[in-house]
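Take a look at the letters that make up each chain.
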Amino acid sequence: MNRFFVRAVGAALASAVLFTCGACRKKQEDPTAMPYVYQPRESQTAEGETAAAVPFTVNKNWQQNFTLQYRYFDRSQGEETVHIRETRTEDAFAAEYTDEGDILYYKENGANIDYYLILKEGENVHSLIKRKKIGDLSSTFMKLSDVSAEMPLLSNVMYMYDEEIGGRTCKKYIQRAYESGKAKETVYVWVDSEYGFAAKCEGYDENGQLKISWEVTQFRTGGVTDADIRVNPSAYTFTEREGAETQ
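Scoring rules and cut-offs
Residues numbered from 1 in each chain as written. Predicted model: local features only at pLDDT ≥ 70, side-chain atom pairs only at ≥ 80, totals over all residues. Heavy atoms only, no water. Helix = DSSP H or I, 4+ residues; strand = E, 2+ residues; numbered from the N terminus. Areas by Shrake-Rupley, 256 points an atom, 1.4 Å probe, with all protein chains shown as cover. 1 Å grid on protein atoms, 1.4 Å probe; cavity = no way out; pocket = protein on both sides within 12 Å on 5 of 7 lines; lining within 4 Å. Points joined across faces, edges and corners; volume = space filled by probe spheres on them. Nonpolar A, V, L, I, M, F, W, Y, C, P; charged D, E, K, R; others polar. Salt bridge = Lys/Arg side-chain N within 4 Å of Asp/Glu carboxyl O. Buried < 20%, exposed > 50% of the residue type's maximum accessible area, 1.4 Å probe, protein only.

**A short note on the overall build of the chain**
Then step 1. From N to C terminus, the chain includes two helices and 12 strands.
Then step 2. Counting helices and strands in the order they occur from the N terminus, the chain gives α-β-β-β-β-β-β-α-β-β-β-β-β-β.
Then step 3. With an accessible surface of roughly 12400 Å², the chain has 45% of that area assigned to carbon and sulfur atoms.

**Some details on empty space enclosed by the protein**
Then step 1. Scanning all chains against the criterion turns up one cavity of 30 Å³ or more.
Then step 2. For the largest cavity, the calculated volume is near 50 Å³.
Then step 3. Residue lining of the largest cavity: Val58, Asn59, Lys60, Trp62, Gln63, Met142, Ser145, Asp146, Val147, Tyr195, Gly196 and Phe197, and that is the complete set.
Then step 4. Here the lining of the largest cavity is composed, by residue class, of six nonpolar, four polar and two charged.

**Describing the pattern of salt bridges**
Then step 1. Tallied over the entire structure, the rule returns 17 salt bridges.
Then step 2. Between Lys133 and Glu108 there is a salt bridge, and its shortest N-O distance comes to 3.7 Å. Of this pair, Lys133 sits in the loop between strand S6 (125-129) and helix H2 (140-144) while Glu108 sits in strand S4 (residues 102-109), and the two are 25 residues apart along the sequence.
Then step 3. Residue class for Lys133 comes out partly exposed when judged on its relative accessible area of 38%.
Then step 4. Here Glu108 falls in the partly exposed class, since its relative accessible area comes to 22%.
Then step 5. Through salt bridges that share partners, Arg71, Lys200, Glu202 and Glu215 make up one connected network.

Now the structure itself:
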């Protein structure tokens, strides 16, 4: 399995990047800081006015049945961009690291889940996740792309324009953090207009260097079956281990 990506996702979810690129909540604002409303030059309003927030709704129904591909980058973990394919059905889930060929595969087995770790280089592992269902698991992309519907209401968030990402219409927002009048961090996030998840995110430091990003390149929800999961455990030999890591 791609250890880089596992570390990178952990870093992303705990990152100092404004959104963590995936969790924009009012409680993350610094109450001691002066409020700042970012206004793109082409969207300036009359003096004393602020631009109206452009909202979106969050509908997580897509998470029950989907297949998608995305790329992920975190400079704190290295210069590598990771490409991932996630597929989820009612009773199975797979995350394929398409560059290396490593796979995480979960399949319901009665009241438990069979977990398979398939490595292009290394030992393949099978273990049992007891008393869990696929519906109890949350995939890496589900966590990474989670955005609060309150995000457009933050004082330092501004809607920019609509743009297509991976065949999906998205609303693009910018968020900036300032210190002593200087922009310290800037995040752009593209929120899917239909479902309200972050289909794309780019986080930059004060020098304009890209720190973290991801982007959906393909997305489909509904009608996904186990046949869309390109995993055949019977083709591999596994070492049995107790317990398992979950998404």
